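Tertiary structure, described
Residue-level listing of the chains:
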Amino acid sequence: MKAIVCPKYGPPEILQIKDVAKPTPKENEVLIRIIRATVTAGDCEIRRFDFPSWLWILARLGFGIRGPRNQILGQELSGEIEEVGKDVTRFKLGDQVFGTTGFGMGAYAEYNCLPELGDTVITLKPSNLTFDEAATIPTGGITAMHFLKKANIQPGQKVLINGAGGSIGTIGVQLCKFWGAEVTAVDSTSKLDMLRSIGADHVVDYTKEEFAERGVIYDAIFDIVGKAPWSGIKRSLTEDGFYLNGYPTISRSLRGRWMASRSNRTYVGGSATDNLEDLVFLTELFEAGTLKAVIDRRYPLEEIVEAHKYVESGQKIGNVVITVDELS
Ligand SMILES: NC(=O)c1ccc[n+]([C@@H]2O[C@H](COP(=O)([O-])OP(=O)(O)OC[C@H]3O[C@@H](n4cnc5c(N)ncnc54)[C@H](OP(=O)(O)O)[C@@H]3O)[C@@H](O)[C@H]2O)c1
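Remember, it's a predicted structure, so these values are computed and weren't measured experimentally.

Moving on, we get to the site of the ligand. Around the ligand, 28 residues are found, and the nearest of them are Ala 41, Gly 163, Gly 165, Gly 166 and Gly 314. Elements supplying a minimum of two residues to the shell around the ligand: helix H1 (41-48), helix H4 (138-150), helix H5 (167-178) and strand S9 (182-187). Tallied by class, the residues present in the shell around the ligand amount to eight nonpolar, 15 polar and five charged. Split by domain, the residues of the shell around the ligand number at least three in each of domain 1 (2-136 + 293-323) and domain 2 (140-268).

Spatial strand order, S10-S9-S8-S11-S12-S13: six strands in an open sheet with parallel pairing. Taken across any chain shown, the strands that pair with only one partner, and hence form the sheet edges, are strand S10 (202-205) and strand S13 (266-268). Here the strands of the sheet are splayed against their neighbours by 15° on average, with no regard to which way each runs. Bridge analysis of strand S12 (residues 237-245) against S13 gives three bridges, and the strand direction is parallel. Its bridge partner being in S13, Phe 242 is matched across the sheet by Thr 266. Packed on one face of the sheet, H4 meets strand S11 (218-223), S12 and S13 and runs near 160° to S12. Relative to S13, helix H8 (residues 250-261) is tilted by about 155°, and along the sheet it contacts S12 and S13.

So, about the packing of H4 against H5. In a pair of packed helices, the angle between the axes and the distance between the axes together describe the arrangement. Two numbers describe how H4 lies on H5: the axes approach to 8 Å, and their chain directions differ by 55°. The angle between the axes of H4 and H5 places the two elements in the oblique class. Crossing of H4 over H5 shows right-handed handedness. Within the contact between the two elements, H4 uses Thr 139, Gly 140, Gly 141, Thr 143, Ala 144 and Leu 148 and H5 uses Ser 167, Ile 168, Thr 170, Ile 171, Gly 172, Leu 175 and Cys 176. Of the residues that constitute the contact of H4 with H5, the class distribution is six nonpolar, seven polar and no charged.

Turning our attention to the environment of Tyr 243. In this fold, Tyr 243 is placed in strand S12. Setting aside chain neighbours within four positions, we find Tyr 243 in contact with Ile 221, Asp 223, Ile 233, Leu 237, Gly 256, Arg 265 and Tyr 267.

What follows concerns the nonpolar core. Tyr 108, Val 159, Ile 161 and Ile 221 are the most contacted members of the largest nonpolar core, which totals 87 residues. The element contributing the most residues to this core is strand S3 (residues 29-39), with seven residues. Both domains that meet at this core, namely domain 1 (2-136 + 293-323) and domain 2 (140-268), each give it at least three residues. Each residue touching Ile 161, except ones within four places of it in the same chain, is listed here: Gly 169, Gly 172, Val 173, Val 183, Ala 185, Val 186, Phe 222 and Ile 224.

Turning our eyes to something else, we now look at the domain arrangement of the protein. Taken domain by domain, the protein comprises domain 1 (2-136 + 293-323) and domain 2 (140-268). Centre-to-centre, using C-alpha coordinates, domain 1 lies 27 Å away from domain 2. Between domain 1 and domain 2, the contact holds 13 residues from the first and 13 residues from the second. Of the residues in the side of domain 1 that touches domain 2, the class split is five nonpolar, seven polar and one charged.

In this section: the pairing of S12. Summarising the sheet, S11 and S12 pair through five bridges and their orientation is parallel. Paired with Ala 220 across the two strands is Phe 242, which belongs to S12. For the crossover from S11 across helix H7 (residues 230-236) to S12, the handedness is right-handed.

Rules behind the numbers
Residues numbered from 1 in each chain as written. Predicted model: local features only at pLDDT ≥ 70, side-chain atom pairs only at ≥ 80, totals over all residues. Near = placed C-beta within 6 Å. Helix = DSSP H or I, 4+ residues; strand = E, 2+ residues; numbered from the N terminus. Nonpolar A, V, L, I, M, F, W, Y, C, P; charged D, E, K, R; others polar. Domains from an automatic or database assignment. Pairing = 2+ DSSP bridges. Axes fitted to C-alpha atoms, helices over the stretch in contact; angles between N-to-C directions. Contact = placed C-beta atoms within 7 Å. Parallel < 35°, antiparallel > 145°, perpendicular 65-115°, else oblique. Left-handed = near helix turned anticlockwise from the far one by under 90°. Core = buried A, V, L, I, M, F, W, Y, C linked by C-beta atoms within 7 Å. Buried ≥ 20, exposed ≤ 12 C-beta atoms within 10 Å, placed from the backbone. Right-handed = clockwise from strand over helix to strand, strands pointing away.

Written out as structure tokens, the structure is:
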């Protein structure tokens, strides 16, 4: 089968298209013919090995010392089940599914084997969602759920989302609106119209102003990129507010924990884990049309280098989809 291989950590050009062996499902696995994948900021970080310094050793051990142990990157996919292992009960041949590939990655390929239940999560694709839309949901959606659930957002609360224009933020903004919050979305100029269009009540262009200068106090700040000015966070959170940090550098984590230890505020850092319940919850909201996928560009699998360059440029609005198979 055709696959994109990342033989060692490096720039986008390190990615090569190759013929590799088609995988065979184990007894608890399904073989998925991949129709769409995505390129996320996280994929680019793994490709160039760009992690917070305190995670450096753990990440090298986890992902691979010189290059990714699993050379086929890609964390989310949509596709069709082509084979089922003998113990599989949740899926049958021909089912249209989507989900995460977890630490094993492997979505930049024509096929992938995933366990029906386990560290990765897959579920049935609603018929009214395209393969493109479905592929953009799992990573951003599960991460947004993981952090935002911790803040137990209530109707009327004020939530600020920093880095709102990407994979996690576009779902995060819509989830907060679904829960009845008043949402302020922070990102750069080119993302602001889209953020208004998906429901953000207020937008802030971080390249032109600091959100804290508006003097608004928030019940939760979801700092997806971990770059919101620290003084602004301290000034802009309620006394019992939540600081949700999606990119926990060591200094940010220490400051967050220190703040929490000396106040009624709550700090949430760490990593989201794939969670089937959350994916099913999100699927229902997408199926009902409550949440909408934000898709910027599509690239064929063969143009993965261009796709990585585009995502890395910071211009991506929402999600970038990879067309692995022409079926739509
Ligand atoms: N903790 C977890 O469990 C977890 C899980 C998945 C991903 N992540 C991490 O979360 C991060 C974001 O992921 P994503 O997929 O949402 O990325 P993304 O799609 O690239 O979106 C990030 C957005 O943040 C904006 N941004 C960059 N610098 C900013 C700043 N200083 N202030 C405000 N906005 C800023 C970017 O726009 P501009 O470039 O135009 O500024 C972009 O629109 C990645 O580092 C990823 O690895 C964490």
